[in-house]
Structures are given as structure tokens and as C-alpha cells.
Protein chains: 2
Amino acid sequence: MPQRAARAAVIAVGTEITEGRIPNSNAALISRRLLAAGVETVLHVAVPDDLALIERALRDAAAQADVLIVTGGLGPTLDDITREAAARLAGVGLETDPAALERIEKIFAALGRPMRENNRRQAERPAGAESIPNDLGTAPGFRMKLAGADAFFLPGVPHEMEAMLERSVLPALEARFLGGGAVEVRRLNCFGLSESEIDHVLAPLFREGDIELAFNIDDAAVQIYLTCRGAPAREAARARLDEAAARVRSALGASVFSEGPVGLEEALASLLRERRLTIGLAESCTGGLATARLARVPGVSEALRGAVVAYSNEAKIRLLGVPEALIAACGAVSREVALAMAEGARRALAADVGVAITGIAGPTGGTPEKPVGLVHIAVALGETTRERELRFFGERTRVQLLAAMAALEQVRRAILFDSRSAKGGLSPCGDDPSPRARVP
Amino acid sequence: MPQRAARAAVIAVGTEITEGRIPNSNAALISRRLLAAGVETVLHVAVPDDLALIERALRDAAAQADVLIVTGGLGPTLDDITREAAARLAGVGLETDPAALERIEKIFAALGRPMRENNRRQAERPAGAESIPNDLGTAPGFRMKLAGADAFFLPGVPHEMEAMLERSVLPALEARFLGGGAVEVRRLNCFGLSESEIDHVLAPLFREGDIELAFNIDDAAVQIYLTCRGAPAREAARARLDEAAARVRSALGASVFSEGPVGLEEALASLLRERRLTIGLAESCTGGLATARLARVPGVSEALRGAVVAYSNEAKIRLLGVPEALIAACGAVSREVALAMAEGARRALAADVGVAITGIAGPTGGTPEKPVGLVHIAVALGETTRERELRFFGERTRVQLLAAMAALEQVRRAILFDSRSAKGGLSPCGDDPSPRARVP
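I will try to describe carefully the structure that is included in this document. Residue numbers restart at each chain and count upward from 1, following the sequence in its written direction. As a convention, the first chain written is A and the first ligand written is 1, with the rest following in written order. Note on the predicted model: pLDDT of at least 70 is required for a residue's local features to be given, and 80 or more for side-chain atom pairs to be given and counted; whole-chain, interface and lining totals, by contrast, use all residues. By convention in this description, side-chain values take in all heavy atoms of the structure and omit both hydrogens and water.

What to know about the interface of chain A and chain B
Right, on to step 1. Contacts between chain A and chain B engage 79 residues on the former and 75 residues on the latter.
Right, on to step 2. With both chains or domains summed, chain A and chain B bury close to 6,200 Å², and 54% of this area falls on carbon and sulfur atoms.
Right, on to step 3. A side-chain nitrogen of Lys or Arg and a carboxyl oxygen of Asp or Glu constitute a salt bridge if their distance falls within 4 Å. Remark: the boundary between chain A and chain B carries three salt bridges.
Right, on to step 4. In this structure, the salt-bridge partner of A:R113 is B:E197, at a minimum N-O distance of 3.5 Å.
Right, on to step 5. What qualifies as a polar contact is a pair of N or O atoms within 3.5 Å, subject to a donor-acceptor requirement within protein and to the restriction that residues adjacent in sequence count only when both atoms come from side chains. At the boundary of chain A and chain B, one finds 26 residue pairs in polar contact (both at pLDDT 80 or more).
Right, on to step 6. Strands here are runs of E lasting at least two residues and helices are runs of H or I lasting at least four, both read from the DSSP assignment and numbered beginning at the N terminus. The element contributing the most residues to the side of chain A that touches chain B is strand β2 (residues 39-47) of chain A, with eight residues. The contact criterion used is simple: two residues touch if any of their non-hydrogen atoms lie within 4.5 Å. Buried area adds together the accessible area that both of two parts lose upon being put together, with accessible area traced by a 1.4 Å probe.

Focus: the environment of A:P204
Right, on to step 1. Positionally, A:P204 belongs in the loop between α8 (195-202) and β10 (211-218).
Right, on to step 2. For A:P204 and A:S258, which are 54 residues apart along the polypeptide, the C-alpha to C-alpha distance reads 22 Å.

Concerning the nonpolar core
Right, on to step 1. With 99 residues, the main nonpolar core has A:I279 and B:I279 as its most contacted residues.
Right, on to step 2. Discounting chain neighbours no more than four positions away, the residues touching B:I279 are B:L272, B:L294, B:A303, B:L304, B:R305, B:G306, B:A351, B:V353, B:V355 and B:V411. We call a set of buried Ala, Val, Leu, Ile, Met, Phe, Trp, Tyr and Cys residues a nonpolar core when their side-chain atoms join them within 4.5 Å. Each residue is assigned to one of three classes by its accessible area relative to the maximum for its type, calculated with a 1.4 Å probe on protein chains only: buried under 20%, partly exposed between the two thresholds, exposed over 50%.

A closer look at the sheet that holds strand β8 (residues 149-154) of chain B
Right, on to step 1. Paired strands, as defined in this entry, are two strands with at least two bridges between them according to DSSP. Taking strand neighbours across the sheet as the criterion, the 12 strands line up as β6(A)-β7(A)-β8(A)-β3(A)-β1(A)-β2(A)-β2(B)-β1(B)-β3(B)-β8(B)-β7(B)-β6(B) in an open arrangement whose pairing is mixed. The open sheet has two edge strands with one neighbour each: β6 (130-132) of chain A together with β6 (130-132) of chain B. Direction aside, neighbouring strands of the sheet carry axes that sit 20° apart on average.
Right, on to step 2. Sheet analysis places strand β3 (residues 67-71) of chain A next to strand β8 (residues 149-154) of chain A, joined by five bridges and oriented parallel. Bridge pairing links A:V70 to A:F153 in β8(A). Only the contacting stretch of a helix is used when fitting its axis, a line to C-alpha atoms as for every element, and angles between N-to-C directions run 0 to 180 degrees.

Observations regarding the packing of aromatic side chains
Aromatic rings considered in pairs are described by the distance between their centres and by the relative angle of their planes.
Residues and elements named next belong to chain A.
Right, on to step 1. Here is the rule: rings of Phe, Tyr and Trp (six-membered ring for Trp) pair when centre to centre is within 6.5 Å. Planes less than 30 degrees apart are stacked, more than 60 are edge-to-face, and the remainder are tilted. Enumeration according to the criterion identifies two aromatic pairs over all chains in this entry.
Right, on to step 2. Seen from their ring centres, F142 and F153 are 4.5 Å apart, and the 15° between their planes marks the pair as stacked. On the criterion of sequence distance, the pair formed by F142 in strand β7 (residues 141-146) and F153 in strand β8 is long-range, its members being 11 residues apart. By the burial criterion, F142 is buried, and F153 matches it.

A look at the environment of B:D97
Residue and element names in this part refer to chain B.
Right, on to step 1. Along the chain, the position of D97 falls in the loop between β4 (94-96) and α5 (98-111).
Right, on to step 2. For the pair D97 and P298, spaced 201 residues apart in sequence, the C-alpha separation works out to 47 Å.
Right, on to step 3. Discounting chain neighbours no more than four positions away, the residues touching D97 are A123, R125 and S131.

Remarks on the pattern of salt bridges
All names here are of chain A.
Right, on to step 1. Scanning the entire structure with this criterion turns up 54 salt bridges over all chains.
Right, on to step 2. With a closest N to O distance of 2.7 Å, E19 and R21 form a salt bridge.
Right, on to step 3. Owing to a relative accessible area of 16%, R21 belongs among the buried residues under this scheme.
Right, on to step 4. Where E387 meets R335, a salt bridge forms, and the shortest distance between an N and an O atom there is 3.4 Å. Of this pair, E387 sits in strand β17 (residues 384-391) while R335 is found in helix α14 (residues 335-348), placing the two residues 52 residues apart along the sequence.
Right, on to step 5. Given a relative accessible area of 16%, E387 falls into the buried group.
Right, on to step 6. Looking at R335, the relative accessible area reads 43%, which means it is partly exposed.
Right, on to step 7. Several salt bridges share partner residues, and in doing so they unite R33, E162 and E166 into one network.

Laid out in C-alpha cells, this is it:
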């Protein structure tokens, strides 16, 4: 049982990565999950599809780490040679996993596609390795001892890799390294405050003690990571993080929308389900992105009635009942049209909540009065329709993403605000339904 | 003068990367620029802010590469120790660059901020190293010989790093390695064929000669990379790639939708604009994703009228005019309802082309007859409304993405097919408007 935390090396195989054609997004995800399981990453490596370079990277990494997580190079094509490199380093040959082969044959039969000889290679593994099932794709992974390290080989396709990491690798690591060193991580997700505003509020709270604070920005939300390294055991670390998370929530109020890997759309979907509310959207400049984000959540069909993407003025008039004269008088990007769109969406989609987004995503279409990045968001709920004007900075797709997420957040705050008002009890923080609320 | 192309290792220093809080986006950018300058990347590495681990990574990389590009760890804080690690490996001490110190002092004076002792550290470099100016930030970089390799140290801040790479590093490398080998890359994008099907068709065409073939999957499209390494000069490499790209297009027909970094949505938007066609969408299981993808394209508002996201049956009936009896008889996920939705979208949004997507994204809602992953896509254009039944494999968000992209592709093929039929001239390949068209 090691006294220090277990150490991992994360190795990506693929010329598409070392030539910079795709980013190595798997490495960051794997390291976050490993850290949450108490395993620290000491090395990220990416190498091209070259037998000697892969073998060398595996050997060098095994000399520094207890655990190797290797992704990529398990596909059906000739340049997928991770299996061969692992077998060569271990001094063994390749063998076929009959269960994996049978599964691949079934998938091809179900899809009605011809199975080629090269697809059979995906059922191979170094002799003596143990297969790791892949429920989402054709290539299974495998695990084996390699130069003294526990090595796990996974496909490079992110969603397949992530599912296998969660279902097979992390449980195996937790079983093996439990009690090695207590590193625990807690993540809270916050919307509507910048990283530096959050740092300004939280840093003084964590100046003393053994909780480290770190931030990451993802989809316009700020992820707050609390890491506890000093505790003697897991339970003690968890208790300290519980207390730390409570301090963060109390300081940031309603800006904190979830803990762990729960996105804003999932937090909103849960809230809608909990309050038994249905929602209908009207989107202009975001082109359906807010609805598509919400539609990612499994089971959201109970709450999501639908949306009208009213990109043209005609669609705003015909499908949402926005008065033509209002558009002529105020412009399609205006507070007034946003309010009418939100009410129109609620009516047209027979929903409890209506939300509207209209703005200028750019790169063209801006004027001095209405510049690129200007967005109006309106939420119709109960007797009230609220509206906010926001300004975002960045290119078209960035403005669209920020506007879509801000709209989902406006709905979340409108529901929270509405029910708090109804109860007459406002909490000291986060009552402002603004996504730019300042913490005092 | 090396006969092979020069080899590079790209090393990122920072615990924020190895813990997965931020992605290592610098590595991909650096490798793309290096390749364009004729230098091949054989290794990406990221290490935490740990003196021994940084030193070891530098030593291991120098043993494999002619050039090291090292980013990060040059800031003013105590965990910025890349300078120390480089000096230790070279067996030298640190010295202050007086010009860099003067520049840092001036920046602080201009900002009216006090300069702290730790800011002085940013003017240090290993003795004997040569400074690399940084016009956009406080920390200069430096270059030195390290274990036989040419090592360049740059800040981790992407825009500072990129400017220094362009202005100082690439010119230095081109001067040093000019004539080492001309490397040119061409990318073609293909939809509707799997990576292994494409490999099966193309591999025999490129078995001889100096063009390498590689694939990457992004957003369900397959990117085909053609790399020419053997040519004596750039112009010759480009001419060989022109010829190779023509061979690929002739083998894969209409499945190739673009060259270079042009996504399917951009290819479709260009086609719509070129043919002066407007489009309206009806989305069920994809929740607006197809429309949102199309809305990412700047200037698409000329063509995109809007969409109805008809998540509920009521919305299909009220907003798209789908007969209630049809839904009752055939089910919301059916060929018949898809056809009615496409025609309803065209009518409701007053567009030239109507496209509809209805399916079962999962994880629940599947039956033996209509399993999760079943999707119907219909396209109404001119006198014809076409429909296709597709089956996708994977989890909810994956099914949604594949279905949305397949719908955009169906529209692209319907437009191409329509105009070819009108002319009476069918090309031998790719006429089937199917996103799974087989190459003969």
C-alpha cells in the first residue's frame, strides 16, 4: 500500500493529435476523474501512430507512474497499432478475444453493414490481457501489467473512452489504491459571476487550512474545484469538503447551480421537473441552441414542450404572434420584442414558462446603438414577464453559446425568485434574477 | 542538413494542465505550425509544476527530438520553475537579462502598479541562454541548447505564446532546417461513409507513391488527410496533393462535401446561398440541434427562415399542421409523420426547403419495433418529399448529433440530386441521397 497518492501517466496515441489536427481533450478529462479517485497525474504524453515511439512512451511512462491510461490506436485501420506496441513491450503476441469478436459481428449484422477483415483486428489484445467492455462502440479496451505499472487501454473516441473509464477503470483503481493517500475533490458550478469575482470572494475564506481552490471555465459556467490533500483518511477529507462547499454556497448564493458533473441544463431540467412546470422557447440569434442544450437531458420531454426558432421576422409574426408594428417600431432586437416572443412562445407551445432570446450574434448586423453581442432575454412565468439586456464579447458561436446559457440561467432564477417571492422569504444572496448579480 | 524532416517535442508545464483544469490547447497549435514549417512532432508532454518531473521530461524529450518547444512555468509566482529546471539540466545557474528587467519595470511604471520582487524573476534565464522578446506580456522567453536539442521556452498564455512562435521561433527553425523536407497536408471532408469503408476504397489508390492517408472523425463526418512528404519542394508537393485530392473526389463522389476546415453546415449554407434557396426545419428528437448547427454559419440568415422544435405531439399538430389522426395511426416516430412535418415546416416557415427529424434519442422510449436510435428524416423540395429511416448507435447526445448532421446532409444531397435530375445527367457516384450511400 503506497503512502503517497498513486501516480498516473495519461498517454494518447495518434498522429492526428501530435500533428495538431485534433486537441487531446481526453487527457484533461481523465486526469480530473483520476484526481477525484485519489490518483494524481504526473505526466501527459501524446505520440504519433509509430510502433517504436508508442513503445518508448509506454516504457518511459511506466518508469514514472503506478497507473497508465492509454487512449487511441485501437481502431480497425492499419495505423491503429497500440495493441502491437503494448504486446511488444510485454514480450507477448496478440490473441483474439472470442466474446469481443462475436459482439463486433453482431453490431455489423444489426447495422446491416459488411464486416471487413480489418474490423476483426479490433477483437485482438496482447496475450494475457483482460478485456474491458465497450458498450458504445466496436473496439473493446484491455488492461495488463506493463513494466510494473497497471496499464489500461481505451479507445480514443471521447464518449466511448469516458463511459469505459467510469464503468471499468475508476472502480478498478479505487479497489486497488483505496487508502493510499487521501485526495478528495469537490466541484461546484456557478453561473453569472466571473472567475476573478469568485476568486475575490472565496480566496479570503480559504487562506488558512488545507483546502485548495482552483477554477475552470466551461460553457460560460465557472467550475470551482475544492481539493483537500491533508486529511488522514477519505472520510475526514470528505467532511472537510462538505464544510468548505457549504461556505462557498453561503458566499455565492443562488449563483451556485449544482455540484459535481451537473450542467446548467440538467440543473434547470431538474428544477422544472421538481416544480412540475413545462417550458416553451422562442429563439432568434441562438438558432435553437438553448433548446438543443435542454433537449440533451434524458427525460426532459416531460417538461420541454418545444420551441420556435424565429430567425426571420415573418416567423416571429406568424408563429409567435409578435405584432408586425412592434417589430417595425422597436426593431427585432429589442426589449419589447423579447417580451412579446416569450409570451408568444408560452402561448404557442401551451407551456407554463416561456423564454425568448433575440440579439445580434454577428459578425455583421451590429450598429452603434445595437452592437454585435447585444442580447435581450425575456422569461414569462405566472403573472410576470421579466426581461434583461446583456452584452457578450466574442465571435458568433461564442455569443450564441453565452446567450443560450444565460437564457437557461434566467429561467432558473425566475423560477427560484418566483417561488421565494411567493413564500415571502428572500435569502440574503442571489435573489436578483440577473446572471450578472454581484456578490456583496 | 538532416535527410529526414526535423523532429520536435512539445512540452507544457503546469499542474493546471495535468490535473485537467485547462486543456493543453497550445500543443495542437504549435504542432500545426511546426508541420507547416517542415518540422514533425514526435511527442507531446505535459508535466506538473515539479522541478524533478520537468527536468526529467526535458531530458527524455531531448533524447528523441531535434527541437523542444516548452510552454508555461515562466510566470512570477513560486510555482513557476521552468527556468530552474532548464538551468539544472544544463548544469548552469540563472542570470538576469538587463534589457528584460528594464522592460518589465517600464510596464509596471506605465500601469502605475508596484513591481514586486517576484516580478524580477521573470527577467531571469539560464546562464548562456538567449532571450526571446515578448511584446504582449511581461515574461520573455529564451532559447538554449539542451542535451543536444534546440530548446525554445515560451510563456503558457496562448496569445503571447502564439505571437512569439510566429515572430521568433518559426523563422529560427526555418533558417536552421530549410531543405530538410517539404511536408504539405490537404484535408477533405466526407459524410455518409464510415472510416473503414473509406479506407477500403482509398487505400488501394495510395498504396504506391508518396501520399500518406490518415483519417479523423469529427461530428460524424470523416476527415481525410493527405500528406505529401517526399517532394523536393513545396510547389511539387502541392501539385501532387491536387492530383491526389481529385482521385479521392472521383472515388467517393458526392460524399465529399468540402476541403479544408469547412464543416457540413458551412457546405450546406454555401449551397443554399448559391442556389438562392431558403430553408425551414422541424425537429423533434434533436431538439433544435440541426438548426443551431446551421445558425452557427455567419450570414446564414439569408437562407435560414427558422424552425419548429416540436418536442410534444401538440406542437406537431398546432404549429406544423400534422394531422392528429396520422400521429395516432402511425406514431410520432414514423415515415408518415416525418413527411408531414417536413411539408409542415416548409409551409409554416414559408421556405423553399422543409426538413424534418423525428426519432428516439433514448435512453428510454424505445420498443422492439422502434428501438432507441431509430430516426426518420424527411426533406421536402420542389415537387418531391424524400424520407429515409436511419439507425444510430450510442447514447442520447450522440444519437442527437448524428441525426442532426444526417439531416443537414440529406438536405445537401436532395439539392444536388434535384438539380442533377433536372439536368437529366446523373454522375456515376453519390447520386443516392442517402447518408449511408455505398461506394460501388
